[in-house]
Amino acid sequence: MNKSSTVRTRMAPSPTGEIHVGSMAMLLKNYAYAKKYSGKFILRIEDTDQTREVPGAVSRILKTIKAYGLTWDEGPDIGGPYAPYIQSKRLSLYRERAEQLVAQDKAFYCFCTREQLEKVRAEQIANKQQPKYVGTCRQLSSQEVANRLADKHPAVIRLKVPKEEVITFRDLIRGTITVSGADVDDQVLLKTDGFPTYHLAVVVDDHAMQISHILRGEEWISSTPKHVLLYNAFGWRPPVFAHIPIFLNPNGKGKMSKRKGEVSAQSFLDQGFLPESLLNFFMILGWSHPEQKEVLTLTEYIEHFDPADISPNSVAFDIVKLRWLNGVYIRALSTTELLERLKPFIPPDCPLELVKKLLPLVQERLVTLSDFEQYTDFFYRPISVDQTRLCKKATPELVKEQLKITTSSLTAIATWDEQAIETVVRNLQEQHNWNKSQYFMLLRLAVSGQTATPPLFSMIEVLGKKRTLERLSLL
RNA sequence: GGCCCCUUCGUCUAUCGGCUAGGACACUAGGUUCUCAUCCUAGUAAGAGCGGUUCGAUUCCGCUAGGGGUCACCA
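Conventions we followed
- Residues numbered from 1 in each chain as written.
- Chains lettered and ligands numbered in written order.
- Predicted model: local features only at pLDDT ≥ 70, side-chain atom pairs only at ≥ 80, totals over all residues.
- Core = buried A, V, L, I, M, F, W, Y, C linked by C-beta atoms within 7 Å.
- Buried ≥ 20, exposed ≤ 12 C-beta atoms within 10 Å, placed from the backbone.
- Helix = DSSP H or I, 4+ residues; strand = E, 2+ residues; numbered from the N terminus.
- Pairing = 2+ DSSP bridges.
- Axes fitted to C-alpha atoms, helices over the stretch in contact; angles between N-to-C directions.
- Contact = placed C-beta atoms within 7 Å.
- Right-handed = clockwise from strand over helix to strand, strands pointing away.
- Domains from an automatic or database assignment.
- Near = placed C-beta within 6 Å.
- Nonpolar A, V, L, I, M, F, W, Y, C, P; charged D, E, K, R; others polar.

1. What to know about the nonpolar core
The biggest cluster of nonpolar side chains holds 71 residues, and the ones touching the most others in it are Met24, Leu27, Leu28 and Leu278. At 10 residues, the largest contribution of residues to this core is made by helix α1 (residues 21-36).

2. With respect to the sheet that holds strand β4 (residues 156-159)
Read across the open sheet, the three strands follow the order β3-β4-β7; overall the sheet is antiparallel. Each edge of the open sheet carries a strand with a single partner, namely β3 (107-110) and β7 (188-190). Strand-to-strand twist of the sheet, defined as the mean angle between neighbouring strand axes without regard to direction, takes the value 45°. Judged from the two bridges that link them, β4 and β7 form a sheet pairing that is antiparallel. Opposite Ile157, over in β7, you have Leu190 as the bridge partner. Together, β3, β4 and β7 form the strand contacts of helix α3 (residues 91-103), whose direction differs from that of β3 by roughly 105°.

3. A closer look at the pairing of strand β9 (residues 240-244)
Each regular strand displays side chains that alternate between the two surfaces of the sheet. Counting buried positions along β9 yields four of five residues, so the element is predominantly enclosed. Bridge analysis of strand β8 (residues 213-217) against β9 gives five bridges, and the strand direction is parallel. The partner of Ile214 across the bridge, within β9, is Phe241. What joins β8 to β9 is helix α7 (residues 224-234), and the crossover it makes is right-handed.

4. Observations concerning the pairing of strand β1 (residues 8-11)
With burial as the criterion, each face of β1 is covered, one bearing Arg8 and Arg10 and the other bearing Thr9 and Met11. Where β1 meets strand β2 (residues 40-43), four bridges bridge the pair, whose relative direction is parallel. Bridge pairing in β2 places Arg8 opposite Lys40. The parallel pair β1 and β2 is bridged by α1, and the resulting crossover is right-handed.

5. Description of the domain arrangement of chain A
For chain A, the domain assignment lists domain 1 (90-244), domain 2 (258-334), domain 3 (335-379) and domain 4 (382-473). Here the C-alpha centre of domain 3 lies 54 Å away from the C-alpha centre of domain 1.

6. Considerations on the protein's contact with RNA strand B
The full set close to RNA strand B counts 63 residues, and Glu46, Lys255, Gly286, Ser288 and Asn313 are the nearest of them. Only α4 (114-126), β6 (175-180), β11 (315-316), α11 (319-332), α18 (436-448) and α19 (456-463) provide two or more residues apiece to the surface near RNA strand B. A per-element tally of the surface near RNA strand B places α18 first, with five residues. Looking at side-chain class alone, the surface near RNA strand B contains 24 nonpolar, 19 polar and 20 charged residues.

7. Topic: unusual backbone geometry
The peptide bond linking Ala83 to Pro84 adopts the cis configuration, its omega dihedral lying at 0°. Tracing the backbone through its elements, the reader meets Pro84 in the loop between α2 (57-67) and α3. The phi dihedral of Lys152 is positive, around 60°, even though this residue is not glycine. One can find Lys152 in the loop between α5 (142-150) and β4. C-beta crowding within 10 Å serves as the criterion here: with 7 such atoms nearby, Lys152 is assigned to the exposed category.

Here is the structure:
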């Protein structure tokens, strides 16, 4: 790549709520591609639908992206050479371009009311026809248009799609895609409220901001012909398109949707997934490293990523694999790092001093950060012990004796550490020739109330002498 | 339904005409072990169907089937 063809990619979320995991995955690809070629990654806010705007959404979106560890070179908060990066602040641009199109007879004013359009649509559906604009205002004389505009008739500007034309564009992932103009609707470009629709705004802004590559979800394939028509009408060279497959629900059925579970990028962080494992997961969904490496750093990804290598089919969002990756990342964390990451997930009633001792005990067991509480709460919260379980593998008499002897032996320990505890317990087991697994499990249950815990002796050490003896003697 | 896109193990993928079809997750079995987890070893499991092209098709082409997307003054 030479300097005159600098790679510039962008992600353009709408402030209609939380940013979707799929969008975050898309953002990663745009980010990586720009970085790979020392280009720029731009963040732009597409707030052209006033009715769907959610207050505070912009700042939450920015915050979430940062929480994933990704940044942008130009954007709404930091500006840049093509500012502003918020579409609602660029309105005059869109109107100007739309009017230019009308002047060129590539677009037209449409005065149809929503009611009229609704009615036509309903009829078309009833007659099993394609619901689309029928061209009512396509042939209005310029005099007629001028009169209606002068009368302040609400009007939109629609694209005048050449129905006989065949529209073709290249997609990095799928090759050439061809669509007949007859199948493309006369899309509204400028709404009655003066705001542009997505279709006008993206094209105008992507051109204005010198975007070189558009990596976006495949749900946009069917509207790309409209965009291509606009680029042509303006005499602009279209950017390179790559339509990335979208996420399907974990069962592989249907587009990943809210109805099947949380889908916001933030929610995965809140569930205790590490941003780096999420990013890694996005990397290997639908794409693979040349050596089939699955655990990758961002740097490695940037080095090898090429959108042309992305597999063209949609992918199931396999949470099981995400969980595996998250475990891998958690295990690789240093203790101090783990402590830092864990902070938001530590229950308020868990003493901070205890947490440090707990970390080595649970680190290799954690799948998500939020597992911490369930794996450790018995250390600092009262437990209940299932009596029948206690005597599952031995008679009540034997259990009673084992507990009694163990309690007194442990009481005698001067320096309460894992070593001393292990020596005492192992000696008792050997002296009395008790069944090892029965005896160890009994102690485990007695002090923790759980059957699955960290190793016995280190657990007892961390639990502390006082609490251990209390629990043993209570039974 | 129209249009567009897609089709290798359950899932994500490797293969770019020579395949005994490889890897990862998951699963199963075994090892380590005081339980769980980690770790190690092994195993089950796939190129949708039918036609072409070719000496040879998972790989190229067509049809069928299936899946996905899209058909707003939403993005």
